Amino acid sequence: MMAGSTLRKVKSRSWKKNRYFRLLEDGLTIWYKSRWAGRGHSTFSVTDLEAVREGHQSEVLLSIAEEFPAELCFTLVFHGRQGNLDLVAESPDEAQAWIQGVRKLIHKTQTMDEKERLDQWVLDWFHKADKNKDGKMNFKEVKNSLKRLKINSKYTTSKRLFLFSPQMADKSESGSLEIEQFVFFYKMLTQRDEVWKVFQDYSEDGEKLMLEELESFLSVEQHEGEQSTQHAQELIECYEPSETAKKQGAMSLDGFQMYLCSQEGSIFKPEHQDLYQDMSQPLSHYFISSSHNTYLLEDQLRGQSSLEAYIQALKRGCRCVEVDCWDGYDEDPVVYHGHTLTSKILFKDVISTLKEYAFRASEFPVILSIENHCSVEQQKVMAQYLRQILGDMLQTTLLDGQVPQQLPSPQELKGKILLKAKKIGGLEEYLDETCTDEVSDEEEMANCDAEMASTEDSPEKVDGSKSKMSRELSDLVVYCKSVHFGGFEHARSHAKCYEISSFSESKAKKLAKEAGTDFVQYNTRQLSRTYPSGLRTDSSNYNPQDMWSMGCQIVALNFQTAGLEMDLNDGLFRQNGCCGYVIKPDFMRDGNTQFSPDKPEEREGYKPLRLSIQVISGQQLPKVNQKEGSIVDPLVRVEIHGVPQDQAKDETSHINNNGFNPVWNETLDFTIHTPELALVRFVVEDYDKASRNDFIGQYTLPFTCIQPGYRHIHLLSKDGTAIPPSSLFVNISISELT
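Owing to the predicted nature of the structure, the values given are computational and were not obtained by experimental measurement.

Explanation requested: the environment of Leu253 in the structure shown.
The residue Leu253 is located in helix α12 (residues 253-261) in this model. When its relative accessible area of 26% is taken as the criterion, Leu253 is described as partly exposed. Residues Leu253 and Leu209, 44 residues apart in the sequence, show an inter-C-alpha distance of 8.0 Å. Excluding residues within four positions of it along the chain, Leu253 makes contact with Val195, Trp196, Phe199 and Glu207.

Okay, structure coming up:
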């Protein structure tokens, strides 16, 4: 890999071009260019990669399968929403060298501890800055490197004598730094006064924290109570780099900083990262991670339909995916956004992809939401594919042979796929083949949802004609029968637990405003699904918090579109093992609940809390503007998303020209009326007085998952991927409102 290989980069059946690839000396950066591109080249880091697929495991490589055999082909899969890189080697041996090599490098990066990650990050910076590749950095290279590290030029210039004095980094007095000296210099730069001050508050000698002193810190500042004694010993064993300190039962400043920067020292409660919730309650008692028009990678009018969109959604823990089915050629149903210019993919390929990826991120059930526009003949083909491809994965019978009074639980449906679609009759009755039923599940394209009556679950198709449904497809629907919503009163007296209705975002908001408590009660017994307005042709999203506050379980979002709304979705489902199911608060599972999101103070057990966040400092924030000499002016905004009374935001002042180690020491206070439903979003922006601030990074989590005390917040990109070592250092206090 370091010697380099000529690989064929493939974008389509007609776009196949040779590129020269090689692994750089840092062992983490892959560099490639066209032989004829002059100095132009591209690079990406192994840390950006999630996996390597071998053979024809992408739509692009499948399309050229007759031209290139599987043993020459492989796909590099990136984290987040970045597209795959499809490659063809010149020989099977060359393909295997890259496949196995990249897999080993990915495994190495994924198994690094915090110290190894930081050391690797510093090493990367040294190699990038060492332009002449002599293994040393002169002053100019150091200065340029510091600029890229977001340290302003005045600071770097004033450090010249400091850097190259014999007492400091350049101990050899050569006027340059070797790798060990650069690491030493970097550690000097990253010594953090704010961490040192906290350390000093509990260290008697100012050099180390004895076991009792660390226990005191954990008990008082980190609010750990009785478990602090055992935890203190565990932290020393895990994070203290000095064997001498370990033998003394003590923690040095280096060990203390490593703990605070680790996952244990992060804002997210470690015990909430794994599966910790009761999974034995009815499906209607959970929020379910859900995707809208899952097949689309881009917009709703001209965007590409792709199997990769399903793979990406399922890998993110999505548990409800949507399939828009239309008649295809040769009696083979297709999936696309009807009456638009979006491309088409085969229904059978979608189902095969679902079988392959449904349970990789989570073992809990997947709901397959069918929007059916097919003729009876092609519905029969759909049913045949579903049975043949999914087999026992598809839940086609009642679990105990009895008509349910409440929905089964995620635990009972592990590894199962549930079909959500129209059904002839109900579970209680058997109708003959001649019976018909409303077929259209969601015909958003008919009216573009222009604040008109929704055609969701309409008894008529776009052309106004009644449509029959095939018995074969109907029989596959068990626990998710799509029905038209007839009002809350009708639902109370006639609805079945297995009936599910869909609501456009405008319809759901209207119901919430008119009958909030009724909506919450309805959602304790039945599933409801909400979806974006048809006017959102750019695949933008609505705020899911409005729907979760009503207890709506299947809040379908356009997963392909990054931004606030998907940050909230990722934040909510980051807990409970990222399994795609989060149990609703107890007051949203009680069928007699009187909870109204507009009046949280009226619910039984109402206990508002005060959230106080001291934003202390930031660490190595990424550069937004890539222009030479550009340095960010960061500020931090904290947003609360929850019931209407909890919607709030506040921000710090901005720090001029410092993305490396900005210090704010500003406190932001909030009152949380319904903590069980609140999400907290930390946003870092580059201040611009003349235009809109630029996004730097964010992190979102449920209020109930916050660890109080001194914590680090490891920032994510707009795409939701990690951007190490960028972080915020905060001190969080949560108390009852008096």
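Help me understand helix α21 (residues 564-572) in this model?
Residues spaced three or four apart along an α-helix point in a common direction, a consequence of the helix completing one turn every 3.6 residues. Buried residues dominate α21, accounting for seven of its nine residues. Burial in α21 covers these residues: Met566, Asp567, Leu568, Asn569, Asp570, Gly571 and Leu572.

What exactly am I supposed to notice about the packing of aromatic side chains here?
A ring pair, where both rings are aromatic, is described by two values, the distance of the centres and the angle of the planes. The full count for this structure, using the stated rule, is 24 aromatic pairs. When the ring of Phe44 is compared with that of Phe78, the centres are 5.3 Å apart and the planes differ by 75°; the resulting orientation is edge-to-face. In this pair, Phe44 is assigned in strand β4 (residues 42-45) and Phe78 in strand β6 (residues 73-78), connecting sequence segments 34 residues apart. Among the residues examined, Phe78 registers a relative accessible area of 4% and is labelled buried. Here the aromatic cluster, defined as three or more aromatic residues joined through ring pairs, consists of Phe199, Tyr202, Phe217, Phe256, Tyr710 and Phe729. In this arrangement the basic side chain of Arg22 is found over the ring face of Trp31, its NZ or CZ atom lying 5.0 Å from the centre. Its guanidinium or amino end placed over the ring of Tyr336, Lys344 lies 4.8 Å from that ring's centre, counting from NZ or CZ.

Explanation requested: the packing of helix α13 (residues 307-315) against helix α14 (residues 347-357) in the structure shown.
Angle between the axes and distance between the axes are the two parameters that describe a pair of packed helices. As a packed pair, α13 and α14 sit with axes 10 Å apart at the nearest point and diverge in direction by 25°. Overall, the two elements α13 and α14 adopt an arrangement that is roughly parallel. Judged by the twist between their axes, the crossing of α13 over α14 is right-handed. Mapping the contact onto sequence places Leu307, Tyr310, Ile311 and Leu314 in α13 and Asp349, Val350, Thr353, Leu354 and Tyr357 in α14. When grouped by side-chain class, the residues that make up the contact of α13 with α14 number seven nonpolar, one polar and one charged.

Whenever I open this one, the pattern of salt bridges confuses me. Can you help?
Between side chains of opposite charge, pairing is possible as soon as their charged atoms come close. For the structure on display, the rule yields 24 salt bridges. Across the salt bridge formed by Glu363 and Lys414, the nearest N and O atoms sit 3.2 Å from each other. Here the residue Glu363 occupies a position in the loop between α14 and β16 (366-372), and Lys414 occupies one in the loop between α15 (376-390) and β17 (417-421), the gap between them amounting to 51 residues. Through salt bridges with shared partners, a single ionic network connects Asp567, Arg637, Glu639, Arg681 and Glu685.

The rules we used
- Residues numbered from 1 in each chain as written.
- Predicted model: local features only at pLDDT ≥ 70, side-chain atom pairs only at ≥ 80, totals over all residues.
- Heavy atoms only, no water.
- Helix = DSSP H or I, 4+ residues; strand = E, 2+ residues; numbered from the N terminus.
- Buried < 20%, exposed > 50% of the residue type's maximum accessible area, 1.4 Å probe, protein only.
- Contact = heavy atoms within 4.5 Å.
- Phe/Tyr/Trp six-rings, centres within 6.5 Å; stacked < 30°, edge-to-face > 60°.
- Lys NZ or Arg CZ within 6 Å of the ring centre and 35° of its normal.
- Axes fitted to C-alpha atoms, helices over the stretch in contact; angles between N-to-C directions.
- Parallel < 35°, antiparallel > 145°, perpendicular 65-115°, else oblique.
- Left-handed = near helix turned anticlockwise from the far one by under 90°.
- Nonpolar A, V, L, I, M, F, W, Y, C, P; charged D, E, K, R; others polar.
- Salt bridge = Lys/Arg side-chain N within 4 Å of Asp/Glu carboxyl O.

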